[in-house]
Amino acid sequence: MLSRTADHLFWMSRYMERAENTARMLNVSYETSLLPQSAAAVEAGWEGILSISELLPSYLALYKNINPCDVMEFMVKDANNPSSIISCLRAARENARAVRGTLTTEVWETQNQTWLEVNRMLKSGEFERDPGQFFEWVKFRSHLSRGVTVGTMLMDESLYFMRMGTFLERADNTARLVDVKFHAMQNDFFGAPNYSGVEAEVTQEYDFYHWSAILRSVSGFEVYRKVYRDVIRPERVAELLILRPDMPRSLHASLNEVVSNLKLVSHDSESDTLRHAGRLRSELAFGRIDEILATGLHAYLTQFLERVNVLGARISREFLMPQAA
């Protein structure tokens, strides 16, 4: 396969997944902002969204204060923000158009229709009338895109690069979500010095809604109930989203998919890229949540994100045309 074609397929899937993850993060902040809490806590929640995407400086250059309306405007409708939902869907569609002949008709039409529909919805004010419903629509279009891709594309390198892009992006976004949300809850956790260094009493009701909202942001609420059959505990939320290979949006499950697809496109079973990915997956496969929390969750996830970015750069150098994320 031409590296340029592989590049467009890889980034088409990454941008679609990024749009979905942005919608998920905005939705959970939108829901938790409706809970009884101080104005400072609400502001911290929305600041966390900007921090996850590393967009806080860009936002503050445009807006004086952090408030829900401005953050959602910036993260949904701002075409000058490369990580906004509208920018991600545009980039996904443009990458798809560049390799139209490689895609099935169904995959192309799904991407194109998503782009046309999101413009119609934003112009008609549907987002402002019901942000939650809009975020659900973005998630649905991403699900549809993945389903149509798997259901209609030939199982060859084109599909493998698309899948690799999806799960590399998912690993990155899940790690960012867990890091920011856990790091922000310094007064909620269980007193491990390397986690927060603070022990505090919080109401059981707020605790439940906060952690359940995080789980719902990755479609993990029902999964948690099925796996643990217990009240929601922070350390188990962390274990589910980091180490469980059967949780679809966990770091472990995402790296399993990245390595599997990387093996299918790699002609060298001992390449540095494959070894780097395999080593990262192995650490997740044999990791223990108590050890991760004891050494510091924030430090662990920061290092994980650095290594995922290195992996993405290695994949680009070995297989793809250079392109900025």
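Residues numbered from 1 in each chain as written. Predicted model: local features only at pLDDT ≥ 70, side-chain atom pairs only at ≥ 80, totals over all residues. Heavy atoms only, no water.

1. As for empty space enclosed by the protein
- Within the structure shown, the criterion is met by two cavities of 30 Å³ or more.
- Lining the largest cavity are Met 12, Ser 13, Met 16, Glu 17, Gln 111, Ser 142, Ser 145, Arg 146, Thr 149, Met 162, Arg 163 and Thr 166.
- Looking at the lining of the largest cavity, the elements that each hand over two or more residues are α1 (3-32), α8 (131-152) and α9 (157-184).
- Here the lining of the largest cavity is built from residues that sort into three nonpolar, six polar and three charged.
- Approximately 50 Å³ is the volume found for the second largest cavity.
- Contributing to the lining of the second largest cavity are Asn 21, Arg 24, Met 25, Asn 173, Thr 174, Leu 177, Ser 217 and Val 218.
- At the level of elements, α1 and α9 are the ones that each hand at least two residues to the lining of the second largest cavity.
- Taken together, the residues that form the lining of the second largest cavity break down as three nonpolar, four polar and one charged. (1 Å grid on protein atoms, 1.4 Å probe; cavity = no way out; pocket = protein on both sides within 12 Å on 5 of 7 lines; lining within 4 Å. Points joined across faces, edges and corners; volume = space filled by probe spheres on them. Helix = DSSP H or I, 4+ residues; strand = E, 2+ residues; numbered from the N terminus. Nonpolar A, V, L, I, M, F, W, Y, C, P; charged D, E, K, R; others polar.)

2. Here we look at the pattern of salt bridges
- Evaluation of the coordinates by the stated rule reveals 24 salt bridges.
- A salt bridge links Arg 120 to Glu 117, with the shortest nitrogen-to-oxygen separation between them at 2.7 Å. In this pair, Arg 120 and Glu 117 both sit in helix α6 (residues 105-124), three residues apart, roughly one turn of the helix.
- A residue is classified by how much of its surface remains accessible, and Arg 120, at 39% relative accessible area, is partly exposed.
- Put simply, Glu 17, Glu 20, Arg 24, Arg 146, Arg 170 and Arg 249 are held in one network by salt bridges that share partners. (Salt bridge = Lys/Arg side-chain N within 4 Å of Asp/Glu carboxyl O. Buried < 20%, exposed > 50% of the residue type's maximum accessible area, 1.4 Å probe, protein only.)

3. Overview of helix α16 (residues 297-319)
- The terminal C-alpha atoms of α16, which comprises 23 residues, lie 32 Å apart, in line with the 33 Å expected from a rise of 1.5 Å per residue.
- Considered for burial, the residues of α16 that qualify are Leu 297, Tyr 300, Leu 301, Phe 304, Leu 305, Arg 307, Val 308, Leu 311, Gly 312, Ile 315, Ser 316 and Phe 319. (Expected span 1.5 Å × (residues − 1).)

4. Describing the side chain of Ser 142
- In this structure, Ser 142 sits in helix α8.
- For Ser 142, the side chain forms a polar contact with the side chain of Glu 20, separated by 2.5 Å. (Polar contact = N/O pair within 3.5 Å; in protein donor to acceptor, adjacent residues only side chain to side chain.)

5. A few points about the nonpolar core
- If you look at the biggest cluster of nonpolar residues, it comprises 88 residues, and the most contacted ones within it are Leu 26, Ile 85, Phe 134, Phe 135, Ile 242, Phe 304 and Ile 315.
- No other element matches the eleven residues that α9 contributes to this core.
- Not counting residues within four places of it along the chain, the set of residues in contact with Ile 315 comprises Phe 10, Met 164, Leu 168, Leu 262, Thr 273 and Leu 320.
- Listed in part, the eleven residues of the second largest apolar core include Leu 9, Val 148, Met 153 and Leu 159. (Core = buried A, V, L, I, M, F, W, Y, C linked by side-chain atoms within 4.5 Å. Contact = heavy atoms within 4.5 Å.)

6. Details of helix α5 (residues 85-98)
- Here α5 contains 14 residues, and its C-alpha end-to-end distance of 20 Å stays within 8% of the 20 Å for a straight helix at 1.5 Å per residue.
- For α5, every residue scored as buried is listed here: Ile 85, Ile 86, Ser 87, Cys 88, Leu 89, Ala 91, Ala 92, Arg 93, Asn 95 and Ala 96.

7. A few points about the environment of Tyr 15
- Relative to the assigned elements, Tyr 15 resides in helix α1.
- Distance from Tyr 15 to Val 118, taken between C-alpha atoms, is 15 Å for residues 103 residues apart in sequence.

8. Observations concerning the side chain of Asn 81
- Locating Asn 81 in the fold gives a position in the loop between α4 (68-77) and α5.
- For Asn 81, a relative accessible area of 2% gives the class buried.
- In this structure the side chain of Asn 81 is engaged in a polar contact, spanning 3.0 Å, whose partner is the backbone oxygen of Phe 74.
- The residues touching Asn 81, leaving out its near neighbours within four places in the chain, are Leu 55, Phe 74, Met 75 and Ser 87.

9. Focus: the packing of α1 against α8
- Taken N-terminus to C-terminus, the directions of α1 and α8 make an angle of 150 degrees; their axes are 9 Å apart at the nearest point. One way to sum up the angle between α1 and α8 is to call them roughly antiparallel. By crossing handedness, the relation of α1 to α8 is classed as left-handed. Contacts between α1 and α8 involve Met 16, Glu 17, Ala 19, Glu 20, Ala 23, Arg 24, Leu 26, Asn 27 and Tyr 30 on the former and, on the latter, Pro 131, Gly 132, Phe 135, Glu 136, Val 138, Lys 139, Arg 141, Ser 142, His 143, Ser 145 and Arg 146.
- Along the lines of polarity and charge, the residues of the contact of α1 with α8 split into eight nonpolar, five polar and seven charged. (Axes fitted to C-alpha atoms, helices over the stretch in contact; angles between N-to-C directions. Parallel < 35°, antiparallel > 145°, perpendicular 65-115°, else oblique. Left-handed = near helix turned anticlockwise from the far one by under 90°.)

10. With respect to the confidence of the model for the protein
- When the pLDDT values of the protein are averaged, the result is 87; 90% of them are 70 or greater.
- Ranking the elements of the protein by mean pLDDT puts helix α10 (residues 204-217) last with 74 and α5 first with 97.
- Contacts for the low-pLDDT stretch residues 187-203, under 50 throughout, to residues beyond four places or in other chains number 31 contacts. (pLDDT = per-residue confidence, 0-100.)

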